[in-house]
Amino acid sequence: MIKIAVLGGTGKEGSGLALRWAAAGYDVTLGSRELEKAQRAAAELNAALGKDMTRGTTNRDAAAQADIIVMTVPYAAHAATAESVKDVVQGKVFVDVTVPLDPANVRRVKMPPAGSAAMEAQQLLGEAVRVVAAFQNISAEHLKSLDHEIECDVLVCGNDKDAKQQVIELARAARMTAWDAGPIENAMVVEGLTSVLINLNIKHKVKAAGLRITGFLRP
Ligand SMILES: NC(=O)c1ccc[n+]([C@@H]2O[C@H](COP(=O)([O-])OP(=O)(O)OC[C@H]3O[C@@H](n4cnc5c(N)ncnc54)[C@H](OP(=O)(O)O)[C@@H]3O)[C@@H](O)[C@H]2O)c1
């Protein structure tokens, strides 16, 4: 069975993804900077699932034992979190969900010098790590209830086709439609779209605006 580690899995986005993957039968471990916090978050997810299906540990231990690592931390923690697991993620699929929001104005796109958070992760972790950028446009609001139908699509960027396909499967398991959106360079657009969605949320007083691809046959 595929083992997934969600770094920062105690937070809003990571716990929602973890809930959906655990419900789909994946082996999911929540990572945190603090062991006890991760264990508490896993206990809460297990209570929601009605079964002991997830566990919690440190980000590093979670990453070391997983096949696919998913990083869901605020941009301020992005480089430090990636650096802390660098040696244990070599050769693995590393999914970056981070949006480099500018705390001074989350409605305005501001990319880091590397081009995007995902490009920065790729540079920091090295070419042997199969970095895939995904889920940046899916509000945590959509993820937290298993009954909720998600209408928004996931755009998946990266340089490794097989890794992208694995992430498209993960999105499907979490009951979302995902599309291969091209190489890792394209992640800057996808990350930037989150600021566009935040603008729409604020303007229309909603919590979870999203995107959907149209124009051809959906799966
Ligand atoms: N929330 C959404 O709707 C949403 C949607 C799409 C994309 N995203 C992106 O997903 C990422 C996570 O978002 P989120 O809303 O889940 O964030 P969050 O709940 O604020 O934080 C997630 C986890 O990151 C860790 N963390 C927080 N500050 C940290 C720091 N300074 N240093 C190291 N670790 C820290 C914490 O885990 P521990 O304390 O347990 O270590 C926290 O539980 C962000 O990049 C965000 O832009 C979020």
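Placed above this text is the structure.
Residues numbered from 1 in each chain as written. Predicted model: local features only at pLDDT ≥ 70, side-chain atom pairs only at ≥ 80, totals over all residues. Heavy atoms only, no water.

(A) Looking closely at the environment of N137. Summarising the element assignment, N137 is placed in the loop between β6 (130-133) and α6 (140-143). Each C-alpha atom, one on N137 and one on V206, is 15 Å from the other, the two residues being 69 residues apart in sequence. Beyond its immediate chain neighbours, meaning those up to four positions away, N137 contacts L155, V190, L193, T194, L197, A209 and L211. Within the structure, N137 has its side chain in polar contact with the side chain of T194 (distance 2.9 Å). (Helix = DSSP H or I, 4+ residues; strand = E, 2+ residues; numbered from the N terminus. Contact = heavy atoms within 4.5 Å. Polar contact = N/O pair within 3.5 Å; in protein donor to acceptor, adjacent residues only side chain to side chain.)

(B) Quick look at the site of the ligand. Around the ligand there are 20 residues in total, and T10, S32, K37, V73 and A140 lie nearest to it. In the environment of the ligand, an oxygen atom lies 2.8 Å from a nitrogen or oxygen atom belonging to the backbone of A140. The residue makeup of the shell around the ligand, split by class, is eight nonpolar, eight polar and four charged. (Near = heavy atom within 4 Å. Nonpolar A, V, L, I, M, F, W, Y, C, P; charged D, E, K, R; others polar.)

(C) Representation of unusual backbone geometry in the model. Residues other than glycine seldom take positive phi values, yet R175 does so here, at roughly 65°. Inspection of the secondary structure assignment puts R175 in the loop between α7 (161-173) and β8 (178-180). Since its relative accessible area comes to 36%, R175 is described here as partly exposed. At K205, a residue that is not glycine, the phi angle is positive and equals roughly 55°. Position of K205 relative to the elements: it lies in the segment after α8 (187-204). Given a relative accessible area of 74%, K205 falls into the exposed group. (Buried < 20%, exposed > 50% of the residue type's maximum accessible area, 1.4 Å probe, protein only.)

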